[in-house]
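A look at the structure
The chain contents come next:
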Amino acid sequence: MDRQEYIEYLLDHFQNPRNRGRMEGADVQLGGGNPGCGDLITMYLKIDDDRVSEVSFEGEGCTISQAGGSIVTELIEGLTLDEIKELGTHTMKEEMGDDVVKSRVRCATLALGTVQAAIDQYRKDRTLAALSQDAKGLKVTFEN
Ligand code: FES
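Read on for an overview of the structure. (Residues numbered from 1 in each chain as written. Predicted model: local features only at pLDDT ≥ 70, side-chain atom pairs only at ≥ 80, totals over all residues. Heavy atoms only, no water.)

1. Examining helix 1 (residues 3-15)
The first and last C-alpha atoms of helix 1 sit 18 Å apart over 13 residues, in line with the 18 Å expected at 1.5 Å per residue. Buried within helix 1 are the following residues: Tyr 6, Leu 10 and His 13. Here the buried residues of helix 1 occupy an arc of 65° about the axis, which is enough to place them on one side. Against the buried residues of helix 1 lie helix 2 (63-76), helix 4 (89-96) and helix 5 (98-103). For helix 1, the N-terminal cap is Asp 2; the gap from its side-chain oxygen to the backbone nitrogen of Gln 4 is 3.1 Å. (Helix = DSSP H or I, 4+ residues; strand = E, 2+ residues; numbered from the N terminus. Expected span 1.5 Å × (residues − 1). Buried < 20%, exposed > 50% of the residue type's maximum accessible area, 1.4 Å probe, protein only. Arc of directions from axis to C-beta. Contact = heavy atoms within 4.5 Å. Polar contact = N/O pair within 3.5 Å; in protein donor to acceptor, adjacent residues only side chain to side chain.)

2. Points about the packing of helix 2 against helix 4
The geometry of a pair of packed helices is captured by two quantities: the angle between their axes and the separation between those axes. At a minimum axis distance of 11 Å, the contact between helix 2 and helix 4 shows a crossing angle of 100°. Viewed along their axes, helix 2 and helix 4 adopt a mutual orientation that is roughly perpendicular. Judged by residue contacts, Ile 64, Gly 68, Ile 71, Val 72 and Leu 75 of helix 2 engage Thr 91, Met 92, Glu 95 and Met 96 from helix 4. Here the residues of the contact of helix 2 with helix 4 are counted per class, giving 6 nonpolar, 2 polar and 1 charged. (Axes fitted to C-alpha atoms, helices over the stretch in contact; angles between N-to-C directions. Parallel < 35°, antiparallel > 145°, perpendicular 65-115°, else oblique. Nonpolar A, V, L, I, M, F, W, Y, C, P; charged D, E, K, R; others polar.)

Dropping the structure here:
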């Protein structure tokens, strides 16, 4: 895509966002913000077998951050959590173009950074839940 095509692509995602809205029953949801401007995004994920089966977002902010939310939802649906963790600024450059990402990197990576933090949160919660199950099992063993 050339520069103009990237801009039209971004505007289309901003004006006609894909997968926008709150998700009931998400396995994990996380809000992220850009402290520099106060713009916000919340990412919602359903995860089956370490793979994203459903994703949505909602937020308030600049064109690039909110178009980024829409683009990221399309990008990550069906990917494994490990695959999503490997994405980065280079991915957003492919999606939005070098110029946009270079000049507005915080806006361009807000959604992706938030979804990656949501995955960390999901993994941490699962580890804690597994540990607490183990602890219950130990208690039962001990009491018997
Ligand atoms: Fe706030 Fe873009 S100006 S995220």
